[in-house]
Amino acid sequence: MAERTLIWDWNGTLFNDAWLCHDVMNWSLAKRDMPTMSFEHYLSIFTFPVIEYYRRVGFDFEREPFEVVGAEFIAEYERRRLEAQLRDGVPELLTELKTAGWRQCILSAYQQQTLEDLTTHFGVRSFFDHVAGHDDIYASGKIAQGRRLVEALDGDPASMVLVGDTEHDAEIAAELGFACLLIEGGNQPVEVLKKTGLPVLTDLAEVRAFLLS
């Protein structure tokens, strides 16, 4: 049987930080006397590339460059990042999947070194054969590093499953030939996820049932 590979998204999928992203953005808006937003509105407008999300929020890059507001957001997020935690049941699920023979990796728009630091901090780095993050802070997308990850894995993309929390994860899977599962409770609402036509699971317990049944 071909080796099975599970490729996890990090932010919003394994790391429960959507609330923190919303909170930090409202902090950034309040600093500029711009209207803050509800969590529901945040979910409805979040997208990749992240620069487009900032436009939807209301930033005018002719007045203030994206590089400035994006760097400010990341600095505040990083200052507060340990306020967020893993989703319930992450270590147990990673253990079960490893025991069942799944090779596991992370593919994320998060900065590479910070991703290494956080997975180590939460005690889960050893579960992942590869951790593929971004080489800058601006989260433009994940397709390029997804291609590099496929090369590093040296396997058949058809035997790989991507688990994520946004429609961008669905786009990556389609581009690279992965199967894909989407999970609620991350950075986009369920109605957006369902438009992809992919399985949309409620939580990690459902992911477990889907993969280990």
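Q: Describe the state of the cysteines, with residues and values.
A: Taken as a whole, this structure holds zero disulfides when the rule is applied. Not engaged in a disulfide, the cysteine Cys21 finds its nearest cysteine sulfur in Cys180; these two sulfurs lie 19 Å apart. A relative accessible area of 6% means that Cys180 is categorised as buried.

Q: I'd like a description of the nonpolar core, backed by residues and values.
A: Core analysis: the biggest nonpolar cluster contains 50 residues, and Trp8, Trp10, Met25, Tyr53, Tyr54 and Phe128 have the highest contact counts within it. Among the elements that line this core, the one with the most residues is helix H1 (residues 18–31), at six residues. Look past the residues within four positions of Tyr54 in its chain and what remains in contact with it is Met25, Phe59, Phe61, Phe66, Val69, Gly70 and Phe73. Ranked by size, the runner-up nonpolar core spans 18 residues in total, among them Ala170, Ala173, Leu193 and Val200.

Q: Explain the packing of aromatic side chains to me, using residue names and the numbers behind them.
A: The full count for this structure, using the stated rule, is 14 aromatic pairs. Seen from their ring centres, Tyr42 and Phe46 are 5.7 Å apart, and the 50° between their planes marks the pair as tilted. You can call Phe46 buried: its relative accessible area is 9%. For the ring pair Tyr54 and Phe66, a centre distance of 5.2 Å and an interplane angle of 80° mean the geometry is edge-to-face. Here Phe66 lies in helix H4 (residues 66–80) and Tyr54 lies in helix H3 (residues 50–57), a separation of twelve residues in the sequence. In this structure, Tyr54 and Phe66 share a single accessibility class: buried. These aromatic residues form a ring-pair network of at least three members: Phe39, Tyr42, Phe46, Phe48, Tyr53, Tyr54, Phe59, Phe61, Phe66, Phe73, Tyr77 and Tyr110.

Q: Tell me about H4, and name the residues and values.
A: Under the 1.5 Å per step criterion, the end-to-end length of H4 is 21 Å for 15 residues, consistent within 8% with the ideal 21 Å. Among all positions of H4, only Phe66, Val69, Gly70, Glu72, Phe73, Ile74, Glu76, Tyr77 and Arg80 are buried. The secondary structure elements touched by the buried residues of H4 are strand E2 (15–16), H1, H3 and strand E4 (103–111).

Q: Give me the lowdown on unusual backbone geometry, citing residues and values where you can.
A: Look at the link from Phe48 to Pro49: it is a cis peptide, with omega at -5°. When you line up the elements, Pro49 lands in the loop between helix H2 (39–45) and H3. Unlike most non-glycine residues, Asp33 shows phi in positive territory, near 60°. Its place among the elements puts Asp33 in the loop between H1 and H2. Residue classification places Asp33 among the exposed positions, given a relative accessible area of 73%.

Q: Pulling in residues and values, what's your account of the sheet that holds strand E7 (residues 179–183)?
A: On the basis of which strands lie adjacent, the open sheet formed by six strands has the order E5-E4-E1-E6-E7-E8 and parallel pairing. Here the strands that pair on one side only, and so sit at the sheet edges, are strand E5 (128–134) and strand E8 (200–201). Note: strand E1 (residues 5–8) against E4, four bridges, orientation parallel. In the strand pairing of E4, Thr5 is matched with Arg103. Sheet strands touched by helix H5 (residues 90–99): E1, E4 and E5. Its angle to E1, the strand with the most contacts, is close to 160°. The strands touched by helix H7 (residues 143–153) are E1, E4, E5 and strand E6 (160–164); relative to E4, the strand with the most contacts, the crossing angle is about 155°.

Rules of the game
Residues numbered from 1 in each chain as written. Predicted model: local features only at pLDDT ≥ 70, side-chain atom pairs only at ≥ 80, totals over all residues. Heavy atoms only, no water. Disulfide = S-S within 2.5 Å. Buried < 20%, exposed > 50% of the residue type's maximum accessible area, 1.4 Å probe, protein only. Core = buried A, V, L, I, M, F, W, Y, C linked by side-chain atoms within 4.5 Å. Helix = DSSP H or I, 4+ residues; strand = E, 2+ residues; numbered from the N terminus. Contact = heavy atoms within 4.5 Å. Phe/Tyr/Trp six-rings, centres within 6.5 Å; stacked < 30°, edge-to-face > 60°. Expected span 1.5 Å × (residues − 1). Pairing = 2+ DSSP bridges. Axes fitted to C-alpha atoms, helices over the stretch in contact; angles between N-to-C directions.

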